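# Results of the structural survey
Take a look at the letters that make up each chain.
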Amino acid sequence: GENVEQHPSTLSVQEGDSAVIKCTYSDSASNYFPWYKQELGKGPQLIIDIRSNVGEKKDQRIAVTLNKTAKHFSLHITETQPEDSAVYFCAASRINTDKLIFGTGTRLQVFP
Amino acid sequence: GAGVSQSPSNKVTEKGKDVELRCDPISGHTALYWYRQSLGQGLEFLIYFQGNSAPDKSGLPSDRFSAERTGGSVSTLTIQRTQQEDSAVYLCASSLSSSTDTQYFGPGTRLTVL
């Protein structure tokens, strides 16, 4: 069945450094890839998404890249800040199917 | 505007009892999703409602789990004869019309089965 793998499970960085989280997906028909940030005690919140017709998307300090051939996509956070500390989830779905398949999450800690 | 709300925020129950969890989606959102998040785990899809279509129940783990959505708005997830392995955070999300529209999540209901 559809599967999304996410690495690493935990990531610790110094404030100001970059953080990269990687995901791979199994369904070659997947064409929508959102990233969610979940803070303690809250529901996940969308931070950025990408569709299969582009290879990269950037929003301030956050960027996502997509390699459809290799079936993987990555989240890049530059100039990390302590408030970036949270659990990040990647997900994938196909247009015209109505189910997001989530990765297992990455706990990011940014130390001041 | 108001986001997705869920109630209760916490529920402690005894093994074997039934529980009902409620989700109020964002007004105007036709798609509604339930997920389960076990401690330290990712989000496990449970069930999906879209408008008046038959729900996608493919993620429900057993026949003890059921959900309904009345009037295309509020949804209730029911777990019958709860087991300890049902302990988790149950998250609800809604989107404008499909999963490729942004899914907005509620804060979740933390269920603890003793």
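Report on the accompanying structure. (Residues numbered from 1 in each chain as written. Chains lettered and ligands numbered in written order. Predicted model: local features only at pLDDT ≥ 70, side-chain atom pairs only at ≥ 80, totals over all residues. Heavy atoms only, no water.)

Our next topic: the packing of aromatic side chains. Residue and element names in this part refer to chain B. Applying the stated criterion to the full structure yields 13 aromatic pairs over all chains. With centroids separated by 4.8 Å and ring planes inclined at 25°, the aromatic side chains of Tyr33 and Tyr48 adopt a geometry described as stacked. On the criterion of sequence distance, the pair formed by Tyr33 in strand β4 (residues 31–37) and Tyr48 in strand β5 (residues 43–50) is long-range, its members being 15 residues apart. Residue classification places Tyr48 among the buried positions, given a relative accessible area of 5%. Centroid distance Tyr35 to Phe45: 6.2 Å. Interplanar angle 75°. Geometry classified as edge-to-face. On the criterion of sequence distance, the pair formed by Tyr35 in strand β4 and Phe45 in strand β5 is long-range, its members being ten residues apart. Per residue, the accessibility class of Tyr35 equals that of Phe45, and both read buried. (Phe/Tyr/Trp six-rings, centres within 6.5 Å; stacked < 30°, edge-to-face > 60°. Helix = DSSP H or I, 4+ residues; strand = E, 2+ residues; numbered from the N terminus. Buried < 20%, exposed > 50% of the residue type's maximum accessible area, 1.4 Å probe, protein only.)

Glancing now at the state of the cysteines. Considering all chains together, one arrives at two disulfides over all chains under this definition. Paired by a disulfide, A:Cys23 and A:Cys90 hold their sulfur atoms 1.9 Å apart. Judged by the torsion about the S-S bond (-100°), the A:Cys23/A:Cys90 disulfide is left-handed. Of this pair, A:Cys23 sits in strand β3 (residues 19–25) while A:Cys90 sits in strand β9 (residues 86–92), and the two are 67 residues apart along the sequence. With a relative accessible area of 1%, A:Cys23 lands in the buried category. Residue B:Cys23 pairs covalently with B:Cys92 via a disulfide, S to S 1.9 Å. Taking the torsion about the sulfur-sulfur bond, which here is approximately -65°, the covalent link between B:Cys23 and B:Cys92 counts as left-handed. Taken together, the positions of B:Cys23 in strand β3 (residues 19–24) and B:Cys92 in strand β8 (residues 88–95) put the pair 69 residues apart, joining distant regions of the chain. By relative accessible area, B:Cys92 is classed as buried at 0%. (Disulfide = S-S within 2.5 Å.)

In this section: the sheet that holds strand β1 (residues 4–7) of chain A. All names here are of chain A. Spatially, five strands are ordered β1-β3-β8-β7-β6 in an open sheet, and the strand pairing comes out antiparallel. A single partner strand is all that each edge strand has here, and the edge strands are β1 and β6 (56–59). Averaged over all pairs of adjacent strands, the angle between strand axes in this sheet comes to 15°, irrespective of strand direction. Judged from the six bridges that link them, strand β7 (residues 62–67) and strand β8 (residues 72–77) form a sheet pairing that is antiparallel. Looking across to β8, one finds that Ala63 is bridged to His76. (Pairing = 2+ DSSP bridges. Axes fitted to C-alpha atoms, helices over the stretch in contact; angles between N-to-C directions.)

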